[in-house]
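Examination of the molecular architecture
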Amino acid sequence: MSLLTDLINLNLSDCTEKIIAEYIWVGGSGMDIRSKARTLSGPVGDARQLPRWNYDGSSTGQAPGEDSEVILYPQAIYRDPFRRGNGILVMCDCYTPQGEPIPTNKRHNAAKIFGDPAVAAEETWFGIEQEYTLLRKDVKWPLGWPLGGFPGPQGPYYCSAGADKAFGRDIVDAHYKACLYAGIDISGINGEVMPGQWEFQVGPCVGISAGDQLWVARYLLERITEIAGVVLSFDPKPIQGDWNGAGAHTNYSTKSMRSNGGYEVIKEAIQKLGLRHKEHIAAYGEGNERRLTGRHETADINTFVWGVANRGASIRVGRDTEKSGKGYFEDRRPASNMDPYVVTSMIAETTILWNSA
Amino acid sequence: MSLLTDLVNLNLNNTTDKIIAEYIWIGGSGMDIRSKARTFTGPVTDPSKLPKWNYDGSSTGQAPGEDSEVILYPQAIFKDPFRRGNNILVMCDCYTPAGEPIPTNKRFNAAKIFSHPAVAAEVPWYGIEQEYTLLQKDVKWPLGWPVGGFPGPQGPYYCAAGADKAFGRDIVDAHYKACLYAGVNISGINGEVMPGQWEFQVGPAVGISAGDELWIARYILERITEIAGVVLSFDPKPIQGDWNGAGAHTNYSTKSMRSDGGYEVIKKAIEKLGKRHKEHIAAYGEGNERRLTGRHETADINTFLWGVANRGASIRVGRETERNGKGYFEDRRPASNMDPYVVTSMIAETTILWEP
């Protein structure tokens, strides 16, 4: 099918100024990523120069059939690693025709929080560790696992290589380069403890762009697994039993935390998070109770505990940060299916704006 | 097979000034696209410089065996995305040796309507949303569906990505670029509600060129699915049951509709279309009664209903058009297997020339 590949890889720059823009948005379940493409007359530098668009919200559970238009507002542009040339990906959020964010639009509120002067002044940095599981198509059983059975117990798989230990690396490596090409701040990848499970990290990103970049990275992964014929799962506990779950640990710092004396600011922030544990957990992803059991490198969902270098804690502070007296901390509670707009803005809101009084 | 690919992709520009022209026409069923190629000295960009040609109409149900020649008149040229270089695709329509359009030639009448002074003055724009279904070869069951069974119900597939949700994207993406290369005004693509179903849009195109461009886009899609080993279906209801059909929604505007006060012109046009509902439906594609049921984002075939942002209507007006007081509207009735020459010219005729 190289003739098909020739066509897919046609470089249109030689015959037209037109570019293809793939508009991406989050659908009605809060985890389904949707997209469609349109032709634009020429390259565009800024998301604000892109036209708004609309889609059939009644097909994504976001509008009724007799009033179905949902409006897409372009928010961030990335380079399209599939179409290349001048093709772009456009991360959007969703509004009613009257200009109100629809209920599943979590970006709007996050942008308000990040636009608050007190938050903006603190230059909030986020690094998100997105874990995910690869499943075989049709049977929905993890990639590399024997059909109707289980692989050997966890131990050999974390960060390993070998045909009996690492399953699906071509997807992970293609994704890494595709994200870098697109302009996503992907900072690393590793194989995870459960076989067939992997992780990539996005960051450090400032404020709202953490959410934008993570969603586009997720979209790229969905497209790449589609090409590979493998199913992508963001379920926080894909297999019951003595198998790790999948999280989205969120690393966080503010200007004050990164400056001298920052360790005290970090401790105060962690205290505030402890006082709002239930509220955060409720917003940290569906099904998280299956994952946060106190085993498999998690803290129990009803417990708030923090510690230095402690992977069984809700919040972990790195040894480097403790030693330097400044740095960042890791909220290990969010599940792999969390919404990064919600989690990042809530951490900023609780630690910077919220008062325990 | 890289030796074969090397030959298929030979760039002839360096060795000869000859070009290959693929003449394309519509066959006897009204939906079968036919083509054959010939050599010219090139390059050629003006269809009037190309010679008429002919083909065996008795092999396409368009002429009797003892008087089988049907004449091809070149009407529009596009760049050939398969042969590339200076090679071209030529959209043609069909005539008897005596110069009469044959019965299946719908372009001829459409061209007459579009050149009528009243119609030409209104500069009618069309945007056609062509839906289609990809089927597995041999079993003719939709691509991505389990053979002998069904996928999970509709919901996850519209505009989705993922190996369990989007089937055949490489065909769709190859088609998008091939059309842009060819010079077809393809304005976008999206995955549809039924898994294995996709849509591309052509437009805005003025008058007769909407039909030319859509037929060329269909031809290019037929060629690409052939390469991919997948069967293309324009059936308006490929699978019975709780599965969407396939349409060819036709977006339309005239100069008056696009100008200030256009919303009133739009409403009058929709009223006229309502009065000729039966006539339009009869010309909007075979088998449409299986699709226009009132469910699955359609209006019932016997009902004429219009509304703003209403996907269950016969005609939908966008919110932006309502808000601006001018713009365009969408006729949602045409089936995926409609003839764009017929539909576009009929909409123009009813709204501009016809009086109740």
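Residues numbered from 1 in each chain as written. Chains lettered and ligands numbered in written order. Predicted model: local features only at pLDDT ≥ 70, side-chain atom pairs only at ≥ 80, totals over all residues. Heavy atoms only, no water.

Named according to an unreviewed UniProt entry, chain B is Glutamine synthetase originating from Musa troglodytarum. Turning to chain B, the UniProt record has this under Sequence similarities (unreviewed entry): "Belongs to the glutamine synthetase family." Of chain B, the UniProt comment under Subcellular location (unreviewed entry) reads exactly: "Cytoplasm". (UniProt positions renumbered as here; feature names shortened; annotations may be inferred.)

Chain A carries the name Glutamine synthetase in an unreviewed UniProt entry, which gives Musa troglodytarum as its organism. Recorded in UniProt under Catalytic activity (unreviewed entry), the annotation for chain A is "L-glutamate + NH4(+) + ATP = L-glutamine + ADP + phosphate + H(+)". Per UniProt, chain A carries the Subunit (unreviewed entry) text "Homooctamer."

**Some thoughts on the overall build of chain A**
Across its full length, chain A holds 10 helices and 13 strands. Relative to the globule expectation of 21 Å for 357 residues, the C-alpha radius of gyration of chain A, 21 Å, shows essentially globular dimensions. Overall, the C-alpha framework of chain A stretches about 60 × 55 × 40 Å when taken along its three principal axes. Within the span of chain A, comprising 357 residues, buried residues form 56% of the whole. For chain A, the proportion of contacts with a sequence separation of at least 24, taken over those separated by at least 6, is 64%. Accessible surface computed for chain A: about 14400 Å², of which carbon and sulfur atoms make up 50%. Treating the 37 positive side-chain charges of chain A as one cloud and the 43 negative ones as another, the clouds have centres 3 Å apart. (Helix = DSSP H or I, 4+ residues; strand = E, 2+ residues; numbered from the N terminus. Rg over C-alpha atoms; globule rule 2.2 N^0.38 Å. Buried < 20%, exposed > 50% of the residue type's maximum accessible area, 1.4 Å probe, protein only. Contact = heavy atoms within 4.5 Å. Areas by Shrake-Rupley, 256 points an atom, 1.4 Å probe, with all protein chains shown as cover. Lys, Arg positive; Asp, Glu negative; His and termini not counted. Charge placed at Lys NZ, Arg CZ, Asp CG, Glu CD.)

**A look at the sheet that holds strand 3 (residues 53–56) of chain B**
Residue and element names in this part refer to chain B. Read from one edge of the open sheet, 5 strands run 2-1-5-4-3, paired in mixed fashion. One side of each edge strand has no neighbouring strand; the edge strands of this open sheet are strand 2 (33–41) and strand 3. On average, adjacent strands in this sheet sit at an angle of 40° to one another, irrespective of strand direction. (Pairing = 2+ DSSP bridges. Axes fitted to C-alpha atoms, helices over the stretch in contact; angles between N-to-C directions.)

**Focus on the packing of aromatic side chains**
A complete count under the given rule lists 26 aromatic pairs over all chains for this structure. Ring centres 5.9 Å apart and planes at 55° place the aromatic pair Trp145 of chain B and Phe150 of chain B in the tilted group. For Trp145 of chain B, a relative accessible area of 3% gives the class buried. Ring pairs connect the aromatic residues Phe114, Phe126, Tyr252 and Phe329 of chain A, which therefore count as one cluster. Taking the ring centre of Trp215 of chain A as reference, the NZ or CZ of Arg218 of chain A above it sits at 4.7 Å. The lysine or arginine in question, Arg218 of chain B, covers the ring of Phe234 of chain B, its NZ or CZ lying 5.1 Å from the ring centre. (Phe/Tyr/Trp six-rings, centres within 6.5 Å; stacked < 30°, edge-to-face > 60°. Lys NZ or Arg CZ within 6 Å of the ring centre and 35° of its normal.)

**Some words on the UniProt feature "domain: GS catalytic" (unreviewed entry) in chain B**
Here, the residues flagged by UniProt with the feature "domain: GS catalytic" (unreviewed entry) are residues 106–356 of chain B. Taken as a whole, residues 106–356 of chain B contains 37% helix and 19% strand, while its terminal C-alpha atoms sit 24 Å from one another.

**Considering the interface of chain A and chain B**
At the junction of the two partners, chain A supplies 44 residues and chain B supplies 48 residues. Both faces combined, the contact of chain A with chain B buries some 3900 Å², and carbon together with sulfur accounts for 54% of it. Here chain A is connected to chain B by 8 salt bridges. Across the pair Asp67 of chain A and Arg319 of chain B runs a salt bridge whose closest N-O atoms are separated by 2.6 Å. Linking chain A to chain B there are 26 residue pairs in polar contact (both at pLDDT 80 or more). Contributions of two or more residues to the side of chain A that touches chain B are made by helix 1 (2–8), strand 1 (19–26), strand 2 (33–40), strand 3 (53–56), helix 5 (209–228) and strand 9 (230–233) of chain A. (Buried area = accessible area lost by both parts, 1.4 Å probe. Salt bridge = Lys/Arg side-chain N within 4 Å of Asp/Glu carboxyl O. Polar contact = N/O pair within 3.5 Å; in protein donor to acceptor, adjacent residues only side chain to side chain.)

**Section: the environment of Arg84 of chain B**
By the element assignment, Arg84 of chain B lies in the loop between strand 4 (69–79) and strand 5 (88–95). Residues Arg84 of chain B and Ala182 of chain B, spaced 98 residues apart in sequence, show a C-alpha to C-alpha distance of 9.0 Å. Not counting the four nearest positions on each side in its chain, Arg84 of chain B is found in contact with Asp6, Leu7 and Leu10 of chain A together with Asn9 and Tyr181 of chain B.

**Some points on helix 10 (residues 340–353) of chain A**
Residues and elements named next belong to chain A. If you check helix 10, its first and last C-alpha atoms are 19 Å apart, about what 14 residues at 1.5 Å a residue would give, namely 20 Å. Among the 14 residues in helix 10, 10 count as buried, and that is most of the element. Among all positions of helix 10, only Pro340, Tyr341, Val343, Thr344, Ser345, Met346, Ile347, Ala348, Thr350 and Thr351 are buried. For helix 10, the N-terminal capping position is held by Asp339, with its side-chain oxygen 2.8 Å away from the main-chain nitrogen of Tyr341. (Expected span 1.5 Å × (residues − 1).)

**Things to note about the confidence of the model for chain B**
Of the residues in chain B, 100% reach a pLDDT of 70 or more, and the chain-wide mean stands at 95. Across the predicted assembly, pTM comes out at 0.93 and ipTM at 0.90. (pLDDT = per-residue confidence, 0-100.)

**Brief notes about the nonpolar core**
With 74 residues, the main nonpolar core has Tyr132, Phe200, Ile220, Ile224 and Phe329 of chain B as its most contacted residues. With 10 residues, helix 5 (residues 208–228) of chain B is the single largest residue contributor to this core. With sequence-adjacent residues up to four places away left out, Tyr132 of chain B is seen in contact with Val172, Gly196, Gln197, Trp198, Glu199, Phe200, Leu221, Leu232, Ser233 and Phe234 of chain B. Core analysis: the next-biggest nonpolar cluster, separate from the first, contains 61 residues, Ile24, Tyr252, Phe329 and Met338 of chain A among them. (Core = buried A, V, L, I, M, F, W, Y, C linked by side-chain atoms within 4.5 Å.)

**Some remarks on helix 5 of chain A**
For helix 5 of chain A, spanning 20 residues, the distance from its first C-alpha to its last is 28 Å, which sits close to the expected 28 Å at 1.5 Å a residue. In terms of burial, helix 5 of chain A is largely enclosed, as 17 of its 20 residues are buried.

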